[in-house]
Amino acid sequence: MCARRFLIAIFFLILLAVAGAFAVFQFGQDVLIRQATPKGPFAAPAERAPDYADAATWIARPGRSGDPAQWLPENYDHSAVSAPGNAAVFYIHPTTYLRTDRWNAPLDDVDSRSRAALFTRSQASALASGGEVWAPMYRQAAYGAFLLDSPDAKAALDLAYGDVQKAFDQFLKEAGDRPIIVAGHSQGALHLTRLLKEHIAGKPVARRIVAAYVVGWPVSTSADLPVLGLPACLRNDQVGCLLSWMTFGEPNNPDLVLKGFEGSAGLSGGDRRREDMLCVDPLTGTKDGSAPPTANPGTLVPTTDLSTATLAPGRVGARCDKGLLIIDGEIPALGPYVLPGNNYHVYDYALFWGAIREDARRRVEAFAKT
C-alpha cells in the first residue's frame, strides 16, 4: 500500500527532525510505531459527520470572516493585487492531528484546527489568485493510521476521504458552473488522487478542471496518471492538467521515502517505478522543467512564531531531476522542519508561493480562452 508506506517514511522523518535520531536508534522503529499507533480498535466517531452546508465546517470559503486563504505576505505589493480569477478552488489540507487517542481527528480539536488554518494560509492563499477558495475541515486520519496495513487503518482513511467527498459535493453545489482548481498537500493530496479517480475522471465536471495541484505526494506517470483523467502539465498555460512535485535540497537522499513508492501497486494496478515519478516544476509550470533563482517571484519566509511571513523573491531555483524537484540558490531560513535527506516536504508550497500564485491565475485566464 503506497499511501501507508509513503507516510510511514514522512512520519519517521518528522520524528527525526523534531525529536532527533537518538530515539529511533535507542528504541527502534517497532517501538515508535507502537507509540504512534492510535489506541484501541477503530470506532466510528461519536460526533456527527460534518454538514458542509454549514459554513462553520469550512476553514476557508467565500464570505468567511478572517478567511486564512485570503492572507497575503506582509511585504506583498497590495497596490498590485487585482481581483481573483473566476474559478472556484477546492483545497484539502495535510495531516495536522498528531495525537494517538483516536484514529480520526475530531473537528473541534483546537491544535489541529490551528495547524490546518496555518497550512491554508501558507498554501491555499497562493491559489486564491485563481478564484474563491473552499477548504473543508475533515476528520483526517491520524498519523498513526498510516503506520499499519490493517482494517482499522483502512477504515480511518475511508472515513477521512468520505468527508472530503461530501465536502466536494457541497462545493460543486455552491460553485455553480465556474471553472475549478483542485489542490492538496500530503494526506490532502492522497485524498485528492482518490477524488480525481472516483469522482472527477470521466464525469462532466472533468471538463471544468483548470488544474490539479497534487503536491507532496508521489504520482506515477505510468501506474497512476492514466486513471486520474488529467495529463501532466507540459506548458505553463495548459489547462485540464496535473502538477505534482516533491521538494529536496542538495545533497538529497530520498531513499527512505521512495522505498515505499517503488514497486508498489499504482491506482491503475500496475507497478510504480522510481523513474516514472511525475515532477512538474512550479517555477516554469512544465513537466521536467528547470529555472534559476531569478525566475522565482517569491518564497514565503515565516516569522519565528509563524504568525506571518514575508516574500523573498529571486532566492530559490528548482529543477526536476529523476522525478524529484531539486532546489538551489540562497535558500532562506524557513524553520526547523526541513526533514532528513534534505526533504523540504513541509515547504512544498511556501518555497514557490509567488510562482504558484502566478501559475493559478495564468491557467484560469487560459481556460477562459478555450
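Everything below is about the structure printed above this text.
So, a few notes on the structure that sits alongside this text.

Conventions we followed
Residues numbered from 1 in each chain as written. Predicted model: local features only at pLDDT ≥ 70, side-chain atom pairs only at ≥ 80, totals over all residues. Heavy atoms only, no water. Pairing = 2+ DSSP bridges. Helix = DSSP H or I, 4+ residues; strand = E, 2+ residues; numbered from the N terminus. Axes fitted to C-alpha atoms, helices over the stretch in contact; angles between N-to-C directions. Contact = heavy atoms within 4.5 Å. Disulfide = S-S within 2.5 Å. Buried < 20%, exposed > 50% of the residue type's maximum accessible area, 1.4 Å probe, protein only.

Things to note about the sheet that holds strand S6 (residues 241-243)
The strands making up a sheet associate through backbone hydrogen bonding, with each pair oriented either parallel or antiparallel.
Phase 1: Read from one edge of the open sheet, six strands run S1-S3-S2-S4-S5-S6, paired in mixed fashion. Across the chains shown, the open sheet's two edge strands, defined by having one partner strand only, are strand S1 (58-60) and S6. Along the sheet, successive strands turn relative to each other by an average axial angle of 20°, direction set aside.
Phase 2: Two elements, strand S2 (residues 87-92) and strand S4 (residues 180-185), share five bridges in a ladder whose sense is parallel. Considered in S4, the bridge of Ala88 is made with Ile180.
Phase 3: Contacting S1, S2, strand S3 (131-136), S4 and strand S5 (209-215), helix H3 (residues 110-127) runs over the sheet at an angle of about 145° to S2.
Phase 4: On the sheet, helix H7 (residues 353-368) packs against S2, S4, S5 and S6 and is oriented at approximately 155° with respect to S5.

Thoughts on the state of the cysteines
In protein structure, a disulfide is the covalent linkage between the sulfur atoms of two cysteines.
Phase 1: Using the criterion set out here, one finds two disulfides in the structure.
Phase 2: Across the disulfide from Cys279 sits Cys320; the S-S distance is 2.1 Å. Where Cys279 bonds to Cys320 through sulfur, the torsion about that S-S bond is close to -75°, and the disulfide is left-handed. Taken together, the residues Cys279 in the loop between helix H6 (255-259) and strand S8 (280-281) and Cys320 in strand S13 (residues 316-321) connect sequence positions 41 residues apart.
Phase 3: On the basis of relative accessibility, which here comes to 16%, the residue Cys320 falls in the buried class.
Phase 4: Taken in N- to C-terminal order, the disulfide-linked cysteines of the chain are connected 1-2, 3-4.

Structural notes on the sheet that holds strand S7 (residues 247-248)
Phase 1: With mixed pairing, four strands are arranged side by side in an open sheet as S7-S14-S13-S10. Of all the strands in the sheet, just S7 and strand S10 (290-291) have a single pairing partner and so form its edges.
Phase 2: For S7 and strand S14 (residues 324-329), the ladder comprises two bridges, and the chain directions are parallel. Directly across from Phe248, in S14, lies its bridge partner Ile326.

Some words on the side chain of Asp163
Phase 1: Here Asp163 is to be found in helix H4 (residues 151-175).
Phase 2: Judged by relative accessible area, which is 1%, Asp163 ranks as buried.
Phase 3: For Asp163, the residues in contact, after removing those within four places along its chain, are Pro50, Tyr52, Tyr138 and Arg139.

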